[in-house]
Amino acid sequence: MPMPEPVIHIRNLTTRFGDRIILDQINLDIYPHEVTVILGGSGCGKTTLMKSITGLVTPEKGEIHIFGRPFTESDEKHYKETLERIGVLFQNGALLNSVTVKDNVAIPLEQHSHLDPELIEKSVAVKLQLVGLSHAMHLLPSELSGGMRKRAALARAIALDPEILFCDEPSAGLDPLSSAALDKLILTLKEQFNMSILVVTHELASIHRIADRIVFLDEGKILFTGTLEDAKSCGIDTVETFFETGSF
Ligand SMILES: Nc1ncnc2c1ncn2[C@@H]1O[C@H](COP(=O)(O)OP(=O)(O)OP(=O)(O)O)[C@@H](O)[C@H]1O
């Protein structure tokens, strides 16, 4: 079967901090309605890749097309419209501590939608129900467990019904049950909401549950891309060792 058009198409992406090249001429296609797991040792550039794609870091050179249109050199209107179709779950959750869970999830809708307050309230309630936090909507982030905080941050990341969702180490610091619950949610977002999802994680159990495709980064270059099954027997020592041992 021919591959569908990628939702993200990256060519020769180079990102540098000072005199250090972090991403070195990356070529990568991200396909729709799949979970793509970005793997690689600490400091290899996984977060920088996500930030380069989402405009949080400015690449030195290269092209990024999102939804079939150039993103790197787009005008302000197109740039903003594209970002509204993307959700990001940051590594630390990045919830505002001074407002309730419900108000945290409402923020993107208040800032980027034209919905009236009543519809915003309904939309927030739907998202909180989806992540299983209806009962916690009036709590402050500091009153939540780690797993609940991650789910609240996920509800906020999907507030605008994004077509692409980025999750940076969503299960870091979670116990196995909370981690599995989060993976289930990620699969629901892919299967029922048709999202294309990029996840940075190095937890083998999680990778086996969610990954359709693997992108393995090493020192700023892509060592392997392909399906999870292919990754396990790709003939590249670093990749195969990871799948055997769970460490880099
Ligand atoms: N804003 C920045 N300024 C300078 N250097 C940075 C900046 N952000 C990241 N780096 C450096 O770039 C390299 C890649 O960082 P990045 O966070 O992308 O790695 P990572 O693969 O996500 O690592 P980890 O798995 O440990 O989170 C690291 O050496 C880091 O110190």
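As a reminder, the structure under discussion sits directly above these lines.
Residues take numbers from 1 onward in each chain, read along the sequence in its written order. Reporting of local features is limited, given that this is a predicted model, to residues whose pLDDT is at least 70; pairs of side-chain atoms are given and counted only at 80 or more, and all residues count toward the totals for whole chains, interfaces and linings. Hydrogens and waters are ignored; side-chain quantities use all the structure's heavy atoms.

Student: Looking at this structure, how should I read the packing of aromatic side chains?
Tutor: Aromatic rings in a pair are described by how distant their centres are and how their planes are angled relative to each other. Aromatic pairs are defined between Phe, Tyr and Trp rings, using the six-membered ring for Trp, whenever the two ring centres lie within 6.5 Å; interplanar angles under 30 degrees are classed as stacked, those over 60 as edge-to-face, and all others as tilted. The final tally for this structure, using the stated rule, is five aromatic pairs. Geometrically, the ring pair formed by Phe216 and Phe248 is edge-to-face, given 5.8 Å between the ring centres and 70° between the ring planes. In this pair, Phe216 is assigned in strand β9 (residues 213-218) and Phe248 in the segment after α9 (237-245), connecting sequence segments 32 residues apart. Here's how the labels work: a residue is buried when its accessible area is under 20% of the maximum for its type, exposed when over 50%, partly exposed in between, all with a 1.4 Å probe on protein chains only. In this structure Phe248 comes out as partly exposed when scored by relative accessible area, which is 45%. By definition, any uninterrupted DSSP run of H or I lasting at least four residues is a helix, any uninterrupted run of E lasting at least two residues is a strand, and each is numbered from the N terminus.

Student: Looking at this structure, I do not really get the sheet that holds strand β1 (residues 8-17). What am I missing?
Tutor: Whether parallel or antiparallel, the strands of a sheet pair through hydrogen bonds between backbone atoms. Two strands are said to pair when DSSP picks up at least two bridges between them. Across the sheet, four strands lie side by side as β2-β1-β4-β5; this open sheet has antiparallel pairing. Lying at the two open borders of the sheet, with one neighbouring strand each, are β2 (20-30) and β5 (69-70). Across seven bridges, β1 lies against β2 in antiparallel orientation. The residue of β2 that forms the bridge with His9 is Asp29. Packed onto the sheet, helix α1 (residues 46-53) meets β1, β2 and β4 (61-66) and runs at close to 115° relative to β1. The contact rule is simple, with two residues in contact once any of their heavy atoms fall within 4.5 Å. Only the stretch in contact is used when a helix axis is fitted, and all axes are lines through C-alpha atoms; the angle between N-to-C directions ranges over 0 to 180 degrees.

Student: What should I look at first to understand the sheet that holds β9 in this one?
Tutor: Strand order in this open sheet of six strands is β6-β7-β8-β3-β9-β10, and the pairing throughout is mixed. Strands at the two margins of the open sheet, each flanked by one partner only, are β6 (86-89) and β10 (221-227). Averaged over all pairs of adjacent strands, the angle between strand axes in this sheet comes to 15°, irrespective of strand direction. As paired elements, β6 and strand β7 (residues 164-168) share four bridges and run parallel to each other. Counterpart to Ile86 in the pairing with β7 is Ile164. The strands touched by α1 within the sheet are β3 (35-39), β7, β8 (196-200) and β9, with β7 carrying the most contacts at an inclination of about 150°. Set on the sheet, helix α5 (residues 146-157) makes contact with β6 and β7; between it and β6 the angle comes to about 165°.

Student: Just checking my understanding: could you explain the site of the ligand for this structure?
Tutor: Near, as used in this document, describes a residue that has one of its heavy atoms within 4 Å of the molecule or strand being considered. Near the ligand, the surroundings consist of 13 residues, among which Ser42, Gly43, Lys46, Thr47 and Thr48 are the closest. Between the ligand and Gly43 there is a distance of 2.8 Å, counted from an oxygen atom to a backbone nitrogen or oxygen. Here a polar contact means two N or O atoms within 3.5 Å. Within protein one must be a hydrogen donor candidate and the other an acceptor candidate, and residues neighboring in sequence count only if both atoms are side-chain atoms. One of the side-chain N or O atoms of Thr48 is found 2.5 Å from an oxygen atom in the ligand. A 1.4 Å probe and the Shrake-Rupley method give the accessible areas. Residues count as covered only by the protein chains that appear here. Against a free-state accessible area of 640 Å², the protein chains account for coverage of 60% of the ligand. Only β2 and α1 provide two or more residues apiece to the shell around the ligand.

Student: Help me understand α9 in this model?
Tutor: Along an α-helix, residues three or four positions apart point the same way, because every turn accommodates 3.6 residues. What α9 keeps buried is the set Val239, Glu240, Phe242 and Phe243. Seen end-on, α9 carries its buried residues on one side only, within an arc spanning 155°. The outward face of α9, more than 90 degrees from its buried face, is lined by the exposed residues Asp237 and Glu244. Elements that come into contact with the buried residues of α9 comprise β3, α7 (204-210), β9, β10 and α8 (228-232). Of the residues flanking the end of α9, it is Gly246, one or two places downstream, whose phi is positive at about 80°. Note: the arc covers the axis-to-C-beta directions of the helix.

Note that all results are geometric; they support no functional claim without further evidence.
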